[in-house]
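# Per-entry structural report
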Amino acid sequence: YFSGLEVVILLWAIARLAEEVQEALPSVQEYVTNTWNQFDVLVLVGYFGGLLIRVNGLNYSQSKIDSKVIFTFVTIVLWLRFLRYYVVSKAVGPKVIMLKRMARDVQTFVLLIGVFLLAYGVAAQALLWPEREMDTQTFENVLFRPYFQIYGEMFLEDMNAESGCVGKDLFSSCGHTYSWLIPPLLALYVLITNIVLINLLIAIFNDTYLDVEDDSIRLWHEQNYELLLDYSCRPLLPAPFSMLEIVSAWFQSFMIRCCGHPCHTSLPEEELYELVLFQEWNTDKFLKRFKEEAESELENRLEAKAWYSS
């Protein structure tokens, strides 16, 4: 059975699905390219996927556990989606853009560090277990250990115990094995990843921060404009109550198409007149500022030319 809270969440998800469908209908391509819409799609697909698992096994506790695992990741995406509303803040809004651009920088960093991670991981695996056949533990040793060694977890005692070395010091008295090559390889790997590549990533982050900070006001205005456009076509009521407004809009659209009533999409004359005045005023303001900047630039050039001539 479903609890009352689960029913409310189901109604909320259905209303959100209707909102997203209504938003995607004018242009599916433009809808898909929007990052925040991608978050919405992930939330809805994850929720209804978990709901399907929940419904197929109402009498089994395991299905409830499996669905909760999916809902856990849905909750993570929902909290990330909450960053959308931070753009209203003049201080925090540009930081969201920094996070998005830094995420792209991290992708480049992962491509670089993956080369050294695999190179060291395969070499360490071959030196520690030269006669071992490939299995699932092999992939764990090649990927898992080198990754966490970047953060300082060296696994030296574990590797020494697995290497067959019997000396008091690490990787000493290794017999005929070549496990003594692990420490210098690890030192070189940590040097490249922890010092060179990490500092390269910090430098890239610094450039990204400066680029966004220098243009933060314009980016903040753009974010607010996009948020305004996004919510200008959304229902006034929040989900799940927005379903009433959506159904009403769909019914009106159906009646207009069936009965042939004209669809009035133009603005009233009073609002249209105010819009024209607003455009003219801003156009005059822009042209005046452009003229003043051109005259100021010309004066600066003349002054510089006169200074060089003297």
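This report concerns the structure included in the present document. All values reported here derive from a predicted model rather than from experimental measurement. (Residues numbered from 1 in each chain as written. Predicted model: local features only at pLDDT ≥ 70, side-chain atom pairs only at ≥ 80, totals over all residues. Heavy atoms only, no water.)

The next subject is the overall build of the protein chain. A count of helical and extended segments in the protein chain gives eleven helices and zero strands. Along the protein chain, helices (α) and strands (β) appear in the sequence α-α-α-α-α-α-α-α-α-α-α when read from the amino end. Counting every position in the protein chain, which comprises 310 residues, the buried fraction comes to 26%. The contacts in the protein chain between residues at least 6 apart in sequence include a share of 68% that link residues at least 24 apart. Accessible surface, the protein chain: about 22,200 Å² in total, of which carbon and sulfur atoms supply 66%. (Helix = DSSP H or I, 4+ residues; strand = E, 2+ residues; numbered from the N terminus. Buried < 20%, exposed > 50% of the residue type's maximum accessible area, 1.4 Å probe, protein only. Contact = heavy atoms within 4.5 Å. Areas by Shrake-Rupley, 256 points an atom, 1.4 Å probe, with all protein chains shown as cover.)

Relative to the elements of secondary structure, Asp230 occurs in helix α9 (residues 216-232). Placed 207 residues apart in sequence, Asp230 and Glu23 show a C-alpha to C-alpha distance of 8.7 Å.

Mapped onto the fold, Asp105 is located in helix α5 (residues 93-128). Taking the C-alpha atoms as reference points, Asp105 and Phe205, 100 residues apart in sequence, are found 7.4 Å from one another. Contact partners of Asp105, with chain neighbours within four places excluded, come to Leu201, Ile204, Phe205 and Thr208.

All chains considered together, the criterion is met by one cavity of 30 Å³ or more. Each pocket or cavity is described by its volume, and for the largest cavity that value is around 70 Å³. Along its surface, the largest cavity is lined by Tyr120, Gly121, Ala124, Gln125, Leu128, Trp129, Asn141, Arg145, Pro146, Gln149 and Met159. When contributions to the lining of the largest cavity are tallied by element, the ones reaching two or more residues are α5 and α6 (136-149). Of the residues forming the lining of the largest cavity, the biggest block, five residues, is contributed by α5. Its residues placed into classes, the lining of the largest cavity shows six nonpolar, four polar and one charged. (1 Å grid on protein atoms, 1.4 Å probe; cavity = no way out; pocket = protein on both sides within 12 Å on 5 of 7 lines; lining within 4 Å. Points joined across faces, edges and corners; volume = space filled by probe spheres on them. Nonpolar A, V, L, I, M, F, W, Y, C, P; charged D, E, K, R; others polar.)

From the geometry alone we can't say anything about function, so treat these as descriptive.
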